[in-house]
Amino acid sequence: MSTLDTNPGSRESAARCTGDAARAAVRLLEPLIGIRGQYGNRVLEIVDVLEDGPQVAVLDASSGPHIQPNQYGDPLTRQQRILTLPVFSEIEGDAHPVLRALLPDAILSELRRLIAQPPEPGRT
């Protein structure tokens, strides 16, 4: 059983962080495309912010190139690994742990404010 299944509060938090909060998170994070930081022993760079989720695409700059397949599974090119992470943690009512390590304190505080914001009545 996953941690998400045993933590109903996290599902409420994830559901609460949609709509206006998700759009505000995208607007908040888009100017940060290109920032680098360290998470564990990895050097990561935010390369895109996706409204779906919302999510961030993070380049693992510390990894060597790996084979990138095309949509048919055939090897195509060698590229550094790109990870797609949710902006809002699915386990706790906070930003994703990787983002907590990468984001400047002022931006992280604003993102946490969005997460803590109660949803508008009748909106999700």
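Attention in this report is confined to the structure presented alongside it. (Residues numbered from 1 in each chain as written. Predicted model: local features only at pLDDT ≥ 70, side-chain atom pairs only at ≥ 80, totals over all residues. Heavy atoms only, no water.)

### Describing the pattern of salt bridges
What counts here: The term salt bridge refers to a pairing of a side-chain nitrogen on Lys or Arg with a carboxyl oxygen on Asp or Glu at a separation within 4 Å. To qualify as a helix, a DSSP run of H or I must reach at least 4 residues; to qualify as a strand, a run of E must reach at least 2; elements of each kind are numbered from the N terminus. Between buried and exposed lies partly exposed: a residue is buried under 20% and exposed over 50% of the maximum accessible area for its type, with that area taken using a 1.4 Å probe on protein chains only.
Going through the model one piece at a time under the given rule, you end up with 7 salt bridges. Measuring nitrogen to oxygen at the nearest pair gives 2.6 Å for the salt bridge that ties Asp 20 to Arg 23. A residue pair is termed a helical-turn pair when its members lie 3 or 4 positions apart in one helix, as Asp 20 and Arg 23 do in helix α3 (residues 20-29) at 3 residues. Asp 20 gets classed as partly exposed once you look at its relative accessible area, which sits at 33%. Taking relative accessible area as the criterion, Arg 23 reaches 34% and is therefore assigned partly exposed. Residues participating in the shared-partner salt-bridge network are Glu 92, Asp 94, Arg 100 and Arg 112.

### Quick look at a negative patch on the surface
Note the cut-off: Residues form patches when they are more than 30% accessible in relative terms and have no salt bridge. Like charges link within 9 Å. Nonpolar side chains (Val, Leu, Ile, Met, Phe, Trp, Tyr) link within 5 Å. Per-residue and other accessible areas were derived by the Shrake-Rupley procedure at a 1.4 Å probe size, with only the shown protein chains allowed to occlude residues. Neither His nor the chain ends contribute to the count of charged residues, in which Lys and Arg are positive and Asp and Glu negative. Charge placement uses NZ in Lys and CZ in Arg. For Asp and Glu, CG and CD serve respectively.
On the surface, Glu 30, Asp 48, Glu 51 and Asp 52 cluster together into a negatively charged patch. On the accessibility criterion, Glu 51 (52% relative accessible area) is exposed.

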